[in-house]
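# Observations on the model geometry
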Amino acid sequence: METSLLPQLCSPSPFLSDGGLETWLIYSRNCSLPHFAAFPLLDTPEGVDHLKEYYKEYLQVAHVLGMGLVLSTPTWRASTRWGMELGYTQEKVDQFNREAVKLLKSFKNISEDEKLVVDGQIGPMEDGYKPEVQHSVQDSKEYH
């Protein structure tokens, strides 16, 4: 898989991107997502199946439209703060992040003729909709 260029920036054609993962999981698959975190689904076969189903729908649409595809990892909350709030060690959070990328890269095998970009999703330290603290750029760099 090419990692030196971002094909979505070099392509004359638009790329499709996924969106609304957590909303889809909650309302279409009745998943419980404490703190709106989807990454714990990587810990169970049923959770991984839900994630695969979600991403495969986007792969199918991109294929039908002949477009490249940007898939975002389910890691919006897979960070130190949110991992701790959910009871995970930093090592387990790191493992979830690696597993998320591995899952999305596995779709490259399904879609050899398509352009697939894996977007490693990094969420905010605070609640993105109601931040308790406004962190500096330097604080954010150190955190992530």
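Below is a short write-up of the structure. Note that this is a predicted model, so its numbers are computed, not measured. (Residues numbered from 1 in each chain as written. Predicted model: local features only at pLDDT ≥ 70, side-chain atom pairs only at ≥ 80, totals over all residues. Heavy atoms only, no water.)

### Here's the deal with the overall build of the protein chain
- When helices and strands are tallied, the protein chain shows 6 helices and 3 strands.
- The C-alpha radius of gyration of the protein chain comes to 16 Å, within 12% of the 15 Å expected for a compact globule of 144 residues.
- Across its three principal directions, the C-alpha atoms of the protein chain cover 40 × 35 × 25 Å.
- Counting over 144 residues, the protein chain shows a buried share of 36%.
- Long-range contacts, defined here as pairs at least 24 residues apart, represent 70% of the contacts in the protein chain between residues at least 6 apart.
- For the protein chain, the accessible area works out to roughly 8,800 Å², and carbon and sulfur atoms hold 53% of it.
- Side-chain charges in the protein chain split into 13 positive and 21 negative, and the spacing between the mean points of these groups amounts to 3 Å. (Helix = DSSP H or I, 4+ residues; strand = E, 2+ residues; numbered from the N terminus. Rg over C-alpha atoms; globule rule 2.2 N^0.38 Å. Buried < 20%, exposed > 50% of the residue type's maximum accessible area, 1.4 Å probe, protein only. Contact = heavy atoms within 4.5 Å. Areas by Shrake-Rupley, 256 points an atom, 1.4 Å probe, with all protein chains shown as cover. Lys, Arg positive; Asp, Glu negative; His and termini not counted. Charge placed at Lys NZ, Arg CZ, Asp CG, Glu CD.)

### Thoughts on a nonpolar patch on the surface
- Where nonpolar side chains cluster on the molecular surface, the patch consists of Val61, Val64 and Leu65 and spans about 300 Å² of accessible area.
- Turning to its location among the elements, Val64 is positioned in helix 3 (residues 45-65).
- Overall, Val64 belongs to the exposed group, its relative accessible area being 69%. (Patch = residues over 30% accessible without salt bridge, like charges linked within 9 Å, V, L, I, M, F, W, Y side chains within 5 Å. Salt bridge = Lys/Arg side-chain N within 4 Å of Asp/Glu carboxyl O.)

### Points about the sheet that holds strand 2 (residues 68-72)
- One open sheet accounts for 3 strands, arranged 1-2-3; its pairing is parallel. The open sheet has two free edges, formed respectively by strand 1 (15-17) and strand 3 (116-119), since each of these has just one partner strand. Mean inter-strand twist for the sheet, computed between neighbouring axes without regard to direction, equals 20°.
- Pairing geometry for strand 1 and strand 2, over 3 bridges, is parallel. Along strand 2, the bridge assignment pairs Phe15 with Gly68.
- Against the sheet, helix 3 makes contact with strand 1 and strand 2, and its axis sits at roughly 165° relative to strand 2, the strand it touches most.
- Along the sheet, helix 5 (residues 90-106) makes contact with strand 2 and strand 3, crossing strand 3 at roughly 170°. (Pairing = 2+ DSSP bridges. Axes fitted to C-alpha atoms, helices over the stretch in contact; angles between N-to-C directions.)

### Focus: the side chain of Ser72
- The residue Ser72 is located in strand 2 in this model.
- Exposure remark for Ser72: the relative accessible area of 11% places this residue in the buried category.
- Reaching out from Ser72, the side chain makes a polar contact with the side chain of Asp119 at a distance of 2.6 Å.
- Ser72 has contacts with Asp18, Tyr55, Leu104, Asp119 and Gln121, leaving out every residue within four places of it along the chain. (Polar contact = N/O pair within 3.5 Å; in protein donor to acceptor, adjacent residues only side chain to side chain.)

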